[in-house]
Number of protein chains: 2
Amino acid sequence: MKKRSSSSPEQNFPGAPKQFVVPFLLLQLRDFNLHGYQLIEQLIKLGFHSIDRGNIYRILRQLEKDHLISSQWDTSSEGPARRIYSLTEAGEAYLQSWAASLELYQHMLETFFSLYKKMFVSPSNENEYSKGERS
Amino acid sequence: MKKRSSSSPEQNFPGAPKQFVVPFLLLQLRDFNLHGYQLIEQLIKLGFHSIDRGNIYRILRQLEKDHLISSQWDTSSEGPARRIYSLTEAGEAYLQSWAASLELYQHMLETFFSLYKKMFVSPSNENEYSKGERS
DNA sequence: ACCATATAAGTGTAAATTACACTTAACAGT
DNA sequence: ACTGTTAAGTGTAATTTACACTTATATGGT
């Protein structure tokens, strides 16, 4: 029954959405076979502070169900057993399609900042842009 | 009881998350006082295809509850009444904090693509990078 | 022996968000 | 009267996220 932050202004930049996390996970697995704990560490290094580790494990299990990654237990090294993930061929294709999507996000962000930085446009005819209805 | 696309690879790039939509809404209202329908049209022009119009109206009502935007009915023009939104001072501050957050997203995307494009690194010592465990 | 810490992989679940379908209302044109 | 466009919603199942908690192996300190 507790209330969470929602969209209220006090705090911002919640955990990056799955749409960001998934392509990063796949990208890392393209170059190395890694286990969840390592993947999470890498994500944090890449800027994903405040990610929920539990949910990352869930995302990995889901990606495996979708046959985009595969796993096998590694009991060879010391410490608790690790589930080593690797990217499947389907996963590589999926990563490619994600890259295309992220390019769209990138263009949107560029658009945002190009508009955002137009703070003080042409003060001479301000009436054209001043607050009011547009035709 | 119907199943939705989930994270399965067949289709990608779902509607951009609220985290993207909100700053764009606020940015538009910084320069013009607009009503929901216009804001939605602008979003679509900016690349937000497949947004849910109903949810945008809900987001606007929520932003108003949070005192980030304010509205008033406009019955002057023909057609159905419009709810004209304008950005509050708190909303401007919120937009600024969102801009900072979006910069972080931008850096992440840059990182993604710089890693992603490193497709075929130094084939001479491929064994260093070939699939296998990292130390 | 006992405790704390680090590593590793989870589970439980309330709250928030998203997707998809549907509704209401004003006005314009045929 | 019916169709189309503009405008602003509501209902709600499915999905995602946030926060709390659990299990287990091994190491180092007291």
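As the structure is a prediction and not an experimental result, all values here were calculated from the model.

Colleague: Help me out: how do you make sense of the interface of chain B and chain A in this one?
Modeller: Often, the extent of an interface is quoted as the loss of accessible area upon association of its parts. Of the residues lining the interface, 62 residues belong to chain B; the matching set on chain A comes to 60 residues. For the pair chain B and chain A, the two sides together bury roughly 5800 Å², of which 63% comes from carbon and sulfur. The interface formed by chain B and chain A includes zero salt bridges. Our enumeration of links across chain B and chain A arrives at five residue pairs in polar contact (both at pLDDT 80 or more). Put simply, the parts of the chain that give the side of chain B that touches chain A at least two residues each are α1 (18–31), α2 (36–45), β3 (82–87) and α4 (89–116) of chain B. At 20 residues, the largest contribution of residues to the side of chain B that touches chain A is made by α4 of chain B.

Colleague: What exactly am I supposed to notice about the packing of helix α1 (residues 18–31) of chain A against helix α3 (residues 53–65) of chain A here?
Modeller: A pair of packed helices can be characterised by two numbers: the angle between their axes and the separation between those axes. Residue and element names in this part refer to chain A. Where α1 contacts α3, the two axes come as close as 11 Å, and the packing angle between them is 65°. Compared by their axis directions, α1 and α3 come out roughly perpendicular. Where α1 crosses over α3, the handedness of that crossing is right-handed. The segment α1 lies against α3, with Lys-18, Val-21, Val-22, Leu-25 and Leu-26 engaging Ile-56, Ile-59, Leu-60 and Leu-63. Here the residues of the contact of α1 with α3 sort into eight nonpolar, no polar and one charged.

Colleague: How should I be thinking about α1 of chain A in this particular structure?
Modeller: Residue and element names in this part refer to chain A. Taking 1.5 Å per residue, 14 residues should reach 20 Å; α1 reaches 21 Å between its end C-alpha atoms and fits that length. In terms of residue burial, α1 counts as a mostly covered element, since twelve of its 14 residues are buried. Inspection of α1 places Gln-19, Phe-20, Val-21, Val-22, Pro-23, Phe-24, Leu-25, Leu-26, Leu-27, Gln-28, Leu-29 and Arg-30 among the buried residues, and these make up the whole buried set.

Colleague: Before we go on, may I ask you to explain the relation of the copies chain B and chain A in this structure?
Modeller: One copy of the chain maps onto the second through a rotation about an axis and a displacement along it. Taken as rigid bodies, chain B and chain A are interconverted by a rotation of 180° and an axial shift of 0.0 Å, the fit giving an RMSD of 0.0 Å. What the superposition gives is, in effect, a two-fold axis relating one chain to the other. Ranked by how close their C-alpha atoms come to the rotation axis, the residues of chain B are headed by Gln-106 of chain B, at 3.4 Å. Interface residue correspondence from chain B to chain A reaches 97%, placing this contact among same-surface, isologous pairings.

The rules behind these values
- Residues numbered from 1 in each chain as written.
- Chains lettered and ligands numbered in written order.
- Predicted model: local features only at pLDDT ≥ 70, side-chain atom pairs only at ≥ 80, totals over all residues.
- Heavy atoms only, no water.
- Contact = heavy atoms within 4.5 Å.
- Buried area = accessible area lost by both parts, 1.4 Å probe.
- Salt bridge = Lys/Arg side-chain N within 4 Å of Asp/Glu carboxyl O.
- Polar contact = N/O pair within 3.5 Å; in protein donor to acceptor, adjacent residues only side chain to side chain.
- Helix = DSSP H or I, 4+ residues; strand = E, 2+ residues; numbered from the N terminus.
- Axes fitted to C-alpha atoms, helices over the stretch in contact; angles between N-to-C directions.
- Parallel < 35°, antiparallel > 145°, perpendicular 65-115°, else oblique.
- Left-handed = near helix turned anticlockwise from the far one by under 90°.
- Nonpolar A, V, L, I, M, F, W, Y, C, P; charged D, E, K, R; others polar.
- Expected span 1.5 Å × (residues − 1).
- Buried < 20%, exposed > 50% of the residue type's maximum accessible area, 1.4 Å probe, protein only.
- Least-squares fit on C-alpha atoms with pLDDT ≥ 70 in both.

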